[in-house]
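Observations on the model geometry
One letter stands for each residue in the lines below.
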Amino acid sequence: MTVVTRKADHLRAAAGADVGHDGGNGLEGLRLSHRALPERDLADVTLETDLLGARLGAPLLVSAMTGGTPAAEVLNARLARAATEHRLGLVLGSGRALLEDREQLRTYRSDDRPPLLLANLGAAQIRGPHADRAERLVELLDADGLTIHLNAIQEAVQPEGEPEFAGVVDAIAAIVARLAPLPVVVKEVGFGMDPEDVTLLAQAGVAAVDVAGAGGTNWALVEGRRDHRVQPLAAAFAAWGVPTAEALQGAIAAAPGLPIIASGGLRDGVDVAKTLALGACASGLARTFLLAAQADDASETAAVLICQLRVAVWASGAASASRLDRSHLRERARPRDYLPRLGGPE
Ligand SMILES: Cc1cc2nc3c(=O)[nH]c(=O)nc-3n(C[C@H](O)[C@H](O)[C@H](O)COP(=O)(O)O)c2cc1C
């Protein structure tokens, strides 16, 4: 099976039913403070954010998805239009197909240029002395930097996968050195990360980490949908991984000062606001934007997300997205926390 056919299958399977994680993103137990008296006008709330050297209209990224298939050309053009119109970051899908065939460039890039455009490669493609590949990809795409995805479970479940991860940290450090001063961001694909991983990545010199936690698209289940032979293996990983909220907290504690991006199962601007309050520097969404781009309303979806985020920041009492912090978070109370014990003898 070629990379191109596999990418096309992934688009179909990821947009289909039953590929969501069996478990939440960890944000369900949290709510934002609700200020009945926000004491400022909604229009005065600012969302502008500096991320990896770019000024964004809001701390939002379209997470890495596609490139290298005819369908990707249309989807990436729509995503680039939305990201450009709303001044958001856009992470392109894996550039492996482009490195193999330059003719694929048009399936990644259109004339629209978002303020932050990041290329993407997988751990399996960077092992060994391949820092030059990463450099070539960034040049071909005229990108502002590179994201590297860590997808151990997917590689292990995929029939043609390459679950060879020995030496990946060294390869990341070599790419960081090769691309400097351009930023290298390392991300998961929806299973999150352990704090120990984040420590290793910080030592390797990455510019930011995207925890891409559990709670949204589950790549074991996507592979199971693509090929029923791997379903029995994939099914055991339906609830695997670190929920996004937990992965985010762990990453911030493991690497104080390192920008941490939150993604994985974020549903709306309220979820985004919660991750910012937990300490994320920006937040990403993939499947939501995939469905929007397929329906040709990526720009409208981005506008709604931004509006939801603005209202959430305002009503929680913060002046701007960058001022959201833990003081704006509340644990959801359960009735047994505030009702006297019912039923039992006093
Ligand atoms: C159709 C599709 C293709 C994806 N391809 C890539 C990819 O090429 N590289 C990558 O780093 N992540 C890829 N991802 C993973 C996403 O970037 C993201 O980490 C993951 O889907 C979790 O986010 P979500 O729950 O918002 O979908 C892909 C996701 C989708 C839905």
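Up top is the structure these notes are about.
Before going into details, it helps to say that this report is about the structure given with it. (Residues numbered from 1 in each chain as written. Predicted model: local features only at pLDDT ≥ 70, side-chain atom pairs only at ≥ 80, totals over all residues. Heavy atoms only, no water.)

1. Structural notes on the site of the ligand
Rule in force here: Note on terminology: near, applied to a residue and a molecule or strand, indicates that one of the residue's heavy atoms is within 4 Å of it. What qualifies as a polar contact is a pair of N or O atoms within 3.5 Å, subject to a donor-acceptor requirement within protein and to the restriction that residues adjacent in sequence count only when both atoms come from side chains. Accessible surface is estimated by sampling points in the Shrake-Rupley manner with a 1.4 Å probe; for residues, cover comes only from the protein chains shown. Each helix corresponds to a stretch of at least 4 residues labelled H or I by DSSP, and each strand to a stretch of at least 2 residues labelled E; elements are numbered beginning at the N terminus.
Taken together, 23 residues sit near the ligand, with Ala 64, Met 65, Lys 187, Thr 217 and Gly 265 positioned nearest. A distance of 2.9 Å separates a nitrogen atom of the ligand from a polar atom in the side chain of Asn 120. In the environment of the ligand, an oxygen atom lies 2.8 Å from a nitrogen or oxygen atom belonging to the side chain of Lys 187. Look at the ligand: alone it shows 610 Å² of surface, and the protein chains cover 97% of it. When contributions to the shell around the ligand are tallied by element, the ones reaching two or more residues are helix 1 (3-15) and helix 13 (287-294).

2. Some remarks on unusual backbone geometry
The amide bond that connects Ala 180 to the next residue, Pro 181, takes the cis arrangement and shows omega of 10 degrees. Note on placement: Pro 181 falls in the loop between helix 7 (168-179) and strand 8 (184-187). Not every positive phi belongs to a glycine, and Ala 212 is a case in point at roughly 35 degrees. Inspection of the secondary structure assignment puts Ala 212 in the loop between strand 9 (208-210) and helix 9 (219-226).

3. Things to note about the packing of helix 8 (residues 195-203) against helix 11 (residues 244-254)
Going by this rule: Lines fitted to the C-alpha atoms define the axes, with helices restricted to the stretch that makes contact. Angles between their N-to-C directions range from 0 to 180 degrees. What sets the label is the angle itself: under 35 degrees gives roughly parallel, over 145 gives roughly antiparallel, 65 to 115 gives roughly perpendicular, and the rest give oblique. Two helices that cross are described as forming a left-handed crossing if the nearer one is turned anticlockwise from the farther one by less than a right angle, and a right-handed crossing if clockwise. Any pair of residues with heavy atoms lying within 4.5 Å of one another is described as a contacting pair.
The interhelical angle for the contact between helix 8 and helix 11, taken along N-to-C directions, is 45 degrees, at an axis separation of 8 Å. When the interaxial angle is binned, helix 8 and helix 11 end up oblique. The handedness of the crossing between helix 8 and helix 11 is right-handed. In this structure, helix 8 uses Pro 195, Val 198 and Thr 199 to contact helix 11, whose residues at the interface are Gly 250, Ala 251 and Ala 254.

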